[in-house]
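These are the residues of each chain, in order.
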Amino acid sequence: MSEGTNREHRLLMLAAIASVATALVLIAAKTVAWLMTGSVSMLASLVDSVMDSMASLINFFAIRYSLVPADEEHRFGHGKAEALAGLGQAIFIAGSSVFLIHQSVLKLMDPTPIEASMVGIGVMILSIALTFGLLLVQRYVIRHTGSTAIEADSLHYVSDLAVNVGIIAVLAVSSFGWLWLDGAVGLAIALFILRSAWHIASESSQLLLDREMSGDVRNRIGAIVASHPDALGFHDLRTRQSGRTCFIQLHLDMDQNLTLRVAHDLADSIESGIKKAFPGADVIIHLDPVAVGPRVAVEHPENP
């Protein structure tokens, strides 16, 4: 295993462990605060942290499994375990939002005063500090690994920052008699969490369905092909993402009069260029002999 791969594995495990530890600390603190305040907004934040811990545990085991090298039964590796983890997170998050909607509606129908609000505010400030620190770690790991699971985990922690600020506002103004605001904010948090669940489920499902890689992938590959004078073009480009590995397949057009050695070296050179542009990519190039024609960098719709 290369030095770069080992470093990626260490970063992924660091992010997963940090996420689990943060969620567990916040669950303990928010449980105490909810029992002391009776705030449904605090309950919403507590339930969200419980869902975070479950999602983070799913991530931890999914990432460990996704790092297992390809074997005889899994020739393309185990990277899709990360997308499955994202889908599992979405289910947990959606379930928590439904529970919070129910509790928020009950609170709106029967608003009650919030007690020990300063304790709740203190816990929310602690939550913001820990969450912000975790997000810094996750952003660093995502930037260096491109992990789908860590990105999904990071998404709902970002939403937690906004949620925690809203809860601080509710606790601060509760003493002025705005009892309905607690239920209203709880309901808004629940709907926001439900929206996050939909986003995570949609992205994970598309990865499991082998959606084409986004961005300017086709243009970048076209530029690599065009940089080789003996390449006449390419067609039937296919791409997909599995964990941190992208799979790229294409048909390369070349002069039918080239020798096998020259054709092989050309394909190897283009493959190396693609792997340099997309580190860790699995690249398959099929050679198509064609009559000598215009040397273009655009994709041919079909083989001449």
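Cut-off values and rules
Residues numbered from 1 in each chain as written. Predicted model: local features only at pLDDT ≥ 70, side-chain atom pairs only at ≥ 80, totals over all residues. Heavy atoms only, no water. Helix = DSSP H or I, 4+ residues; strand = E, 2+ residues; numbered from the N terminus. Buried < 20%, exposed > 50% of the residue type's maximum accessible area, 1.4 Å probe, protein only. Contact = heavy atoms within 4.5 Å. Areas by Shrake-Rupley, 256 points an atom, 1.4 Å probe, with all protein chains shown as cover. Expected span 1.5 Å × (residues − 1). Core = buried A, V, L, I, M, F, W, Y, C linked by side-chain atoms within 4.5 Å. Salt bridge = Lys/Arg side-chain N within 4 Å of Asp/Glu carboxyl O. Axes fitted to C-alpha atoms, helices over the stretch in contact; angles between N-to-C directions. Parallel < 35°, antiparallel > 145°, perpendicular 65-115°, else oblique. Left-handed = near helix turned anticlockwise from the far one by under 90°. Nonpolar A, V, L, I, M, F, W, Y, C, P; charged D, E, K, R; others polar. pLDDT = per-residue confidence, 0-100. Pairing = 2+ DSSP bridges. Patch = residues over 30% accessible without salt bridge, like charges linked within 9 Å, V, L, I, M, F, W, Y side chains within 5 Å.

(A) Structural context of the overall build of the chain. Counting its secondary structure elements, the chain contains eight helices and three strands. Going from the N terminus to the C terminus, the chain shows its helices and strands as α-α-α-α-α-α-α-β-β-α-β. For the chain, the proportion of its 304 residues judged to be buried stands at 45%. Across the chain, the fraction of contacts at a sequence separation of at least 24, relative to all contacts at a separation of at least 6, is 75%. A total accessible area of about 15,100 Å² is found for the chain, and carbon and sulfur atoms account for 65% of it.

(B) View of helix 6 (residues 180–208). With 29 residues, helix 6 should reach 42 Å at 1.5 Å per residue; the first-to-last C-alpha distance of 43 Å fits that figure. Where helix 6 ends, the next residue or the one after it, Asp 210, has phi of about 60°, a positive value.

(C) Layout of the nonpolar core. Counting residues in hydrophobic clusters, the biggest one holds 27 residues, and the most contacted among them are Met 42, Leu 100, Ile 167 and Ile 189. Counting residues in each nonpolar core, the second largest holds 22 residues, with Met 213, Val 217, Leu 250 and Ala 281 among its members.

(D) Focus on the pattern of salt bridges. Taken as a whole and judged by the stated rule, the model has two salt bridges. Between Arg 261 and Asp 265 there is a salt bridge, with the nearest N and O atoms lying 3.8 Å from each other. In this pair, Arg 261 and Asp 265 both sit in helix 8 (residues 260–277), four residues apart, roughly one turn of the helix. Its relative accessible area of 56% is what places Arg 261 among the exposed residues.

(E) Spatial organisation of unusual backbone geometry. Even without being glycine, Asp 236 reaches a positive phi, approximately 50°. Tracing the backbone through its elements, the reader meets Asp 236 in strand 1 (residues 231–242).

(F) Quick peek at the packing of helix 3 (residues 81–109) against helix 6. Following both chains from N to C, one finds helix 3 and helix 6 inclined at 160°, their axes separated by 8 Å at the closest point. Between helix 3 and helix 6, the angle is such that the two are roughly antiparallel. For helix 3 against helix 6, the interelement crossing comes out left-handed. Within the contact of helix 3 with helix 6, the residues separate by chemical class into 21 nonpolar, eight polar and two charged.

(G) Quick look at the confidence of the model for the chain. Looking at the chain, pLDDT values average 78 and 86% of them are 70 or higher. When mean pLDDT is taken per element in the chain, helix 8 scores highest with 92 and helix 5 (residues 148–173) scores lowest with 73. pLDDT under 50 marks residues 300–304. Its contacts with residues more than four places away, or in other chains, come to 10 contacts.

(H) Here's a closer look at the sheet that holds strand 2 (residues 245–255). Read from one edge to the other, the open sheet built from three strands follows the order 1-2-3, with strand pairing classed as mixed. Each of the sheet's edge strands pairs with one partner strand only, and the pair in question is strand 1 and strand 3 (282–290). The mean inter-strand angle of the sheet, taken between neighbouring strand axes irrespective of direction, is 15°. Bridge count for strand 2 against strand 3 is nine bridges, and the pairing is parallel. Each residue of the ladder has a partner; that of His 251, found in strand 3, is His 286.

(I) Geometry of a nonpolar patch on the surface. Together, Leu 108, Phe 176, Trp 178 and Trp 180 line one region of the surface with nonpolar side chains, adding up to about 500 Å² of accessible area. Among the structural elements, Trp 180 can be located in helix 6. Its relative accessible area of 48% is what places Trp 180 among the partly exposed residues.

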